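What follows is each chain in one-letter form.
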Amino acid sequence: MHFNKSTKISLAVFAILLPTIFFSSLVNSQEKENQDNTTSQTTQNNKAFKLVVIDPGHGGRIPGAYGSISAEKDIVLQVSKKLKEAIEKEMPGVKAMLTRDTDIDVPFHERTALANKNHADLFISIHCNSANSEKRVRGKNGKYVTQTIRRPQVSGTETFVCGFNRLQKGESEVAVRENADILFEENYQENYGGFDPNDPSTYIIFSLMKRTYRDKSIRFATYIQNEYVKKGRSNRGVQELSLAVLASAAMPAVLTEIGFISNPDEEKFMLSENGQAEIVGNLVDAIKHYKTSTGLQ
């Protein structure tokens, strides 16, 4: 192919200008993206931190775990009420809301729905752990009975965020126990998309749930565990678990096990005024730390 002299000059100029035009367009596009990101970050940092929803686990006809002298539902309600009072006293401008303030059961999906409806900034579900388990054994008369296997030596605190896991032994027991309340709800399969807490295969449902707030939930859970450790509590860590009560929360959400009700010493600690005051202090400090670290006002 042959070109005259003027055509060759035009092509040469175009070859020089083309990269410049492309680079200029790329820079402008990147600057716009950076401006958008900065605006988004500024908006997030300017967002006011206004509401914490506190969820006392179980309630009513669903007591949760039993200790030797108490039930989980009662301890967590006491702690939750004190936590609400402490947040509103120590964090001006921040309100706290309870998913229940009496001895009643509230379905899981209604607990997070309350937080979503009120645009909560944090959701924290408070529970007591138990290392006891049950198994079916054949009695002397040949009939099968339920036997409780007690492990009073197990102690410590742990905090969970919602996530799909392979449900290893031990972890599966926690997930099944904490999700078992669903069975008492009417139309629970409709409310939870076919989820059956007794069927580990259906826990895959939680992998499809929105996980937008996973990283912030893990951050908050870590702050909680760090506060427990500062007071000398045994640290069982932060874990991801398939928990129905957290699955549909549209904000950072955690479930914290404040101690083992199956351990006599920890049960007494969680029932005592000093013990509850310490736990509440741990949780308030963790909330303050989270608020500061995320740049919320």
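Preceding this paragraph is the structure being described.
It should be emphasised that the depicted structure is a prediction, and the values quoted were computed from it without experimental measurement.

Asker: Lay out the overall build of the chain with the relevant residues and their values.
Answerer: Each helix and strand in the chain was counted, giving nine helices and eight strands. Counting across all 297 residues of the chain, residues that qualify as buried make up 42%. Within the chain, counting contacts between residues at least 6 apart in sequence, those at least 24 apart form 75% of the total. By element, 53% of the accessible surface of the chain is carried by carbon and sulfur atoms, the whole surface being about 16,200 Å².

Asker: Explain the environment of E273 to me, using residue names and the numbers behind them.
Answerer: Residue placement: E273 occurs in helix α9 (residues 273-293). The exposed category is assigned to E273, whose relative accessible area is 57%. Here the side chain of E273 touches K82 through a polar contact of 3.1 Å, side chain to side chain.

Asker: Pulling in residues and values, what's your account of the pairing of strand β3 (residues 122-129)?
Answerer: When you tally the buried positions in β3, you get eight out of eight residues, the bulk of the element. The alternating pattern of β3 places L122, I124, I126 and C128 and F123, S125, H127 and N129 on opposite faces, both of which are buried. Of the strand pairs in this sheet, strand β1 (residues 51-56) and β3 are connected by five bridges, and their pairing is parallel. Of the residues in β3, the one forming a bridge with V53 is F123. Both β3 and strand β8 (residues 253-260) contribute to a ladder of six bridges, which runs parallel.

Asker: Can you break down the sheet that holds β8 residue by residue, with the values?
Answerer: An order of β2-β1-β3-β8-β6-β7 is seen for the six strands of this open sheet, with the pairing classed as mixed. Single-partner strands in this sheet number two, and they are β2 (95-98) and β7 (235-241). Taking each pair of neighbouring strands and ignoring which way they run, the sheet shows an average axis angle of 20°. Set on the sheet, helix α8 (residues 264-271) makes contact with β3 and β8; between it and β8 the angle comes to about 115°.

The rules behind each value
- Residues numbered from 1 in each chain as written.
- Predicted model: local features only at pLDDT ≥ 70, side-chain atom pairs only at ≥ 80, totals over all residues.
- Heavy atoms only, no water.
- Helix = DSSP H or I, 4+ residues; strand = E, 2+ residues; numbered from the N terminus.
- Buried < 20%, exposed > 50% of the residue type's maximum accessible area, 1.4 Å probe, protein only.
- Contact = heavy atoms within 4.5 Å.
- Areas by Shrake-Rupley, 256 points an atom, 1.4 Å probe, with all protein chains shown as cover.
- Polar contact = N/O pair within 3.5 Å; in protein donor to acceptor, adjacent residues only side chain to side chain.
- Pairing = 2+ DSSP bridges.
- Axes fitted to C-alpha atoms, helices over the stretch in contact; angles between N-to-C directions.

So yeah, pure geometry; function would need other evidence.
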